[in-house]
Amino acid sequence: MNKIIYKYEIPLLSPEGVVIKLPKGAKILYAGMQRVNLRSETEFETRIFIWAMVDPDAELEPRTIHTVYTGVEFSQSAEYISSFIDEHTRLVYHIFVGV
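Residues numbered from 1 in each chain as written. Predicted model: local features only at pLDDT ≥ 70, side-chain atom pairs only at ≥ 80, totals over all residues. Heavy atoms only, no water.

Attention shifts here to the overall build of the chain. A count of helical and extended segments in the chain gives zero helices and seven strands. In sequence order, the chain lays out its α and β elements as β-β-β-β-β-β-β. When its C-alpha atoms are laid out on the principal axes, the chain stretches across 40 × 40 × 15 Å. The buried share of the chain, taken over its 99 residues, is 36%. (Helix = DSSP H or I, 4+ residues; strand = E, 2+ residues; numbered from the N terminus. Buried < 20%, exposed > 50% of the residue type's maximum accessible area, 1.4 Å probe, protein only.)

Read from one edge of the open sheet, three strands run β1-β4-β3, paired in antiparallel fashion. Each end of this open sheet is capped by a strand with a single partner; those strands are β1 (4–10) and β3 (27–40). Looking at each pair of strands side by side, their axes are set apart by 35 degrees on average, direction ignored. Bridging between β3 and strand β4 (residues 43–54) involves eleven bridges; their strand directions are antiparallel. Across the sheet, Asn-37 pairs through a bridge with Phe-44, a residue of β4. (Pairing = 2+ DSSP bridges. Axes fitted to C-alpha atoms, helices over the stretch in contact; angles between N-to-C directions.)

Per the stated rule, a full pass over the model turns up five aromatic pairs. An angle of 50 degrees between the planes, with centres 6.1 Å apart, marks the rings of Phe-49 and Trp-51 as tilted. Overall, the relative accessible area of 21% leaves Trp-51 in the partly exposed class. Measuring from centroid to centroid gives 6.2 Å for Tyr-69 and Tyr-93, while their planes differ by 85 degrees, and the two rings are edge-to-face. In this pair, Tyr-69 sits in strand β5 (residues 60–69) while Tyr-93 sits in strand β7 (residues 92–98), placing the two residues 24 residues apart along the sequence. Classification of Tyr-93 by relative accessible area gives buried; the value is 4%. These aromatic residues form a ring-pair network of at least three members: Tyr-30, Phe-49 and Trp-51. Over the ring of Phe-49 we find Lys-7, and its NZ or CZ is 4.5 Å from the ring centre. (Phe/Tyr/Trp six-rings, centres within 6.5 Å; stacked < 30°, edge-to-face > 60°. Lys NZ or Arg CZ within 6 Å of the ring centre and 35° of its normal.)

All right, on to the pairing of β4 then. Relative to β4, β1 is paired through seven bridges, and the arrangement is antiparallel. Looking at the pairing, Tyr-8 lines up with Ile-50 of β4. The turn joining β3 and β4, which pair antiparallel and follow one another in sequence, is formed by two residues.

Looking now at the environment of Ser-83. Here Ser-83 lies in strand β6 (residues 79–85). According to the relative accessible area criterion, Ser-83 is partly exposed, its value standing at 30%. Ser-83 sits 47 residues away from Val-36 along the chain, and the two C-alpha atoms are 20 Å apart. If sequence neighbours within four positions are ignored, Ser-83 has contacts with Val-92, Tyr-93 and His-94. Polar side-chain contacts of Ser-83 include one of 2.9 Å to the side chain of Tyr-80. Here His-94 takes part through its side chain, which lies 2.6 Å from a polar atom of the side chain of Ser-83. (Contact = heavy atoms within 4.5 Å. Polar contact = N/O pair within 3.5 Å; in protein donor to acceptor, adjacent residues only side chain to side chain.)

The values reported here are purely geometric and, on their own, carry no functional implication.
Shown next as C-alpha cells:
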C-alpha cells in the first residue's frame, strides 16, 4: 500500500461544512492558502487547499471540511487541522474536519 500526497481545494468560508471525497484512511496534513494562476501569469487569486496523505487505490469516502475565521460561530464537532493568515485581508482562518 503506497501513499501519496494530494492537494484538494476547499471553499473560502464554510462554517456549516462542505463535503469532499477523500480516499478512505486519508490523513490531512496541512491546510493553507495558495496563489492560483487564472488565464495568465499576471492574473491570479488566492484559494484555500488541504494537503492529505492518501492511498490512491483506496475507496473514496465523504469527509466534511469546515472553514471558519476567528469570531465566526459553528456548531459542528470536528477535529482541528490548521490555522493560517490570509495575507491580503489579514483574517485568520481555521480548518476542521469531520467524518
